[in-house]
Amino acid sequence: MTTSTETPDLRDAHRELTKGRIVDAALNLMREGKPGDLTFAGVAARAGMTERTVYRHFETRDALMAAAWARINVLVKTPEMPSTPGTLIGQPATAFPAFDAEEKLMRMLVLSPEGHALRLSANAKRTASIRAAVKTARPDLKEPEFTRVCAAAQLLDSSFAWLMMKDYWGLSGHEAGRASSDAIAALLASPAQKHKPRKTEKRP
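All figures in this text were calculated on a predicted structure; none of them were measured in a lab.

Undergrad: Hey, could you run me through the overall build of the chain in this one?
TA: Secondary structure assignment for the chain yields twelve helices and zero strands. Counting from the amino terminus, the chain carries its helices and strands in the arrangement α-α-α-α-α-α-α-α-α-α-α-α. In the chain, which comprises 204 residues, the share counted as buried stands at 38%. Looking at the chain alone, contacts between residues at least 24 apart form 67% of all its contacts between residues at least 6 apart. For the chain, the exposed surface amounts to about 12400 Å²; the carbon and sulfur share of it is 57%.

Following this line, the structure appears as structure tokens:
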């Protein structure tokens with residue numbers, strides 16, 4: 001009978017390395033415009049391992065897609081849900097330039113059924129965090145206006161907004177992110193802030 005000489009630490013490191021290869025394979029299929037191959041068999045072939053190995057690390061496709069979504073959020077610098085006004089306002093300015101660097105992947109996420117499913121898998125947490133951020137900034141809002149503002153903020157802080165401004169207006173990720181951040185800031189401004197008179201420059 002043979003026994004493994006690997007220590008628990010080495011086994012854990014090997015397990016994480018293998019999981020990383022599987023997730024990388026899934027992301028590469030997305031980058032290559034092959035979301036239809038995001039099956040266990042397709043990912044296994046892309047990763048150069050057996051389908052059984054993929055199943056051993058991810059028991060369901062949903063678990064694999066959740067891991068892929070988490071990796072995508074790190075790649076495009078959106079690792080946290082924007083649950084405060086500051087993070088909600090600032091996130092497009094940080095994320096949209098990173099979307100440019102991962103354009104093929106982001107286009108797949110926006111335009112494919114697989115990307116739609118990935119976004120929906122995290123939507124409950126995302127909408128809850130946006131509601132928390134808007135509630136902090138605008139405690140005066142009542143329904144249904146509150147939900148309308150939350151929905152508009154989510155749209156502005158999304159890959160849809162980035163792609164629209166890129167394709168229809170020719171904006172870079174930097175400029176699109178600035179536009180979205182400015183628009184969210186305007187949405188979250190209180191009535192008093194919106195109607196506050198602007199300071200005029202003193203003329204010599």
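Undergrad: Would you explain the packing of aromatic side chains in this entry?
TA: Working definition: an aromatic ring pair is given by the centre-to-centre distance plus the angle between the planes. Tallied over the full model, the rule gives three aromatic pairs. Look at phenylalanine 40 and tyrosine 55: their rings are 4.1 Å apart centre to centre, the planes differ by 15 degrees, and that puts the pair in the stacked class. With phenylalanine 40 in helix α2 (residues 40-47) and tyrosine 55 in helix α3 (residues 51-57), this residue pair connects regions lying 15 residues apart in the sequence. Ring pairs connect the aromatic residues Phe96, Phe99 and Trp162, which therefore count as one cluster.

Undergrad: When you look at the nonpolar core in this model, what are you seeing that I'm missing?
TA: In a soluble, globular protein the nonpolar side chains are often hidden away together inside. Membership of the largest hydrophobic core comes to 37 residues, with the highest contact counts inside it found for Met30, Val43, Ile72 and Phe96. Among the elements of the structure, α1 (8-31), α2, α4 (61-75), α5 (85-101), α6 (103-111) and α10 (159-169) are those that each provide at least two residues to this core. For this core, the element with the highest residue contribution is α1, accounting for seven residues. Of all hydrophobic cores here, the second largest spans eleven residues; its members include Val134, Leu141, Val149 and Ile184.

Cut-offs applied
- Residues numbered from 1 in each chain as written.
- Predicted model: local features only at pLDDT ≥ 70, side-chain atom pairs only at ≥ 80, totals over all residues.
- Heavy atoms only, no water.
- Helix = DSSP H or I, 4+ residues; strand = E, 2+ residues; numbered from the N terminus.
- Buried < 20%, exposed > 50% of the residue type's maximum accessible area, 1.4 Å probe, protein only.
- Contact = heavy atoms within 4.5 Å.
- Areas by Shrake-Rupley, 256 points an atom, 1.4 Å probe, with all protein chains shown as cover.
- Phe/Tyr/Trp six-rings, centres within 6.5 Å; stacked < 30°, edge-to-face > 60°.
- Core = buried A, V, L, I, M, F, W, Y, C linked by side-chain atoms within 4.5 Å.

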